[in-house]
Amino acid sequence: MITLALSKGRIFDETLPLLRAAGIEVLEDPETSRKLILATNKADLRVVLVRATDVPTYVEYGGADLGITGRDTLIEHGGQGLYQPLDLDIARCRISVAVRKDFDYASAVRQGSRLRVATKYVAIARDFFATKGVHVDLIKLYGSMELAPLTGLADAIVDLVSTGNTLKANDLVEVETIMDISARLVVNQAALKLKQAALRQTIDGFAAALRQAPDRNS
Ligand code: AMP
């Protein structure tokens, strides 16, 4: 049995067409079913639903053989023990620095001020500002990052941006892009040896599906 870890929402929705192209149908809809283990039309492949940030952990410890997760989540997790054979080019977005419209970010950075930065992505933010030589106090949040500059909790946020509508709706502006993000296939290293044939088939199925639809997101 091969177990694939997915998170509900954008990753699940954008993985379905890839699975379908590889001849795999998930037999239950996570939006209507409360089940966390979903059968597929392949008797030896099942899907488990976990939180996005738990996908690397499930795969690292063998709770799942493979998983699909954002590059952001992988970097924050550290990616230890994970084989990352494919960029699936789904759930595309970027991770950026944003501030209030009336905050002079360029001057603050130029003058060497100490910036207060709120984010869920502490490792990514720490590395980015360290490379720039900007001193930051990082405040870890788990959601609603956009609120931090509006309430005076922080000068800036580091968050995922897709269309930019969420920032705009909250009077924030994107001042720097840190990196582009997309979802990756990750595989447990030990499983790759123990279940080599079945896993290779699944990985190759994803690779072939990607080749069939290279411009899906453009
Ligand atoms: P948008 O308004 O389209 O720029 O989307 C921004 C909001 O959606 C932020 O709250 C982000 O945290 C979230 N978001 C954007 N892209 C992704 C993604 N690929 N995965 C998870 N959350 C995302």
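All values reported here derive from a predicted model rather than from experimental measurement.

About the cut-offs
- Residues numbered from 1 in each chain as written.
- Predicted model: local features only at pLDDT ≥ 70, side-chain atom pairs only at ≥ 80, totals over all residues.
- Heavy atoms only, no water.
- Helix = DSSP H or I, 4+ residues; strand = E, 2+ residues; numbered from the N terminus.
- Buried < 20%, exposed > 50% of the residue type's maximum accessible area, 1.4 Å probe, protein only.
- Contact = heavy atoms within 4.5 Å.
- Domains from an automatic or database assignment.
- Buried area = accessible area lost by both parts, 1.4 Å probe.
- Salt bridge = Lys/Arg side-chain N within 4 Å of Asp/Glu carboxyl O.
- Polar contact = N/O pair within 3.5 Å; in protein donor to acceptor, adjacent residues only side chain to side chain.
- Nonpolar A, V, L, I, M, F, W, Y, C, P; charged D, E, K, R; others polar.
- Near = heavy atom within 4 Å.
- Areas by Shrake-Rupley, 256 points an atom, 1.4 Å probe, with all protein chains shown as cover.
- 1 Å grid on protein atoms, 1.4 Å probe; cavity = no way out; pocket = protein on both sides within 12 Å on 5 of 7 lines; lining within 4 Å.
- Sits in = over half its atoms within 2 Å of the grid points.

A. Structural detail: the side chain of His77. Tracing the backbone through its elements, the reader meets His77 in helix 3 (residues 71-77). Taking relative accessible area as the criterion, His77 reaches 19% and is therefore assigned buried. Residues contacting His77, with those up to four places away along its chain left out, are Pro56, Thr57, Glu60 and Leu82.

B. Layout of the domain arrangement of the protein. According to the domain assignment, the protein consists of domain 1 (2-91 + 182-212) and domain 2 (93-181). One C-alpha centre belongs to domain 1, the other to domain 2, and the line joining them spans 30 Å. Counting from both sides, the interface comprises seven residues of domain 1 and, opposite them, 11 residues of domain 2. Summed over both sides, the interface between domain 1 and domain 2 buries roughly 770 Å², with carbon and sulfur atoms accounting for 55% of that surface. Of all residues in domain 1, Arg71, Asp72 and Glu76 bury the most surface against domain 2, accounting for 61% of the area lost on that side. Applying the counting rule to domain 1 against domain 2 returns zero salt bridges. In this structure, the connection of domain 1 to domain 2 is made through five residue pairs in polar contact (both at pLDDT 80 or more). The biggest single contributor to the side of domain 1 that touches domain 2 is helix 3, with four residues. Of the residues assigned to the side of domain 1 that touches domain 2, the class counts are two nonpolar, one polar and four charged.

C. Quick look at the site of the ligand. Surveying the vicinity of the ligand reveals the residues Arg10, Ala91, Cys93, Glu146, Asp159, Leu160, Val161, Ser162, Thr163, Gly164, Asn165 and Thr166. Within the side chain of Arg10, one N or O atom sits 3.2 Å away from a nitrogen atom of the ligand. In the environment of the ligand, an oxygen atom lies 2.6 Å from a nitrogen or oxygen atom belonging to the side chain of Thr163. Protein coverage of the free-state accessible area of the ligand, which is 490 Å², stands at 68%. In this structure, the ligand is accommodated by the largest pocket. Going through the elements one at a time, strand 9 (156-161) and helix 7 (165-169) are the ones with two or more residues in the shell around the ligand.

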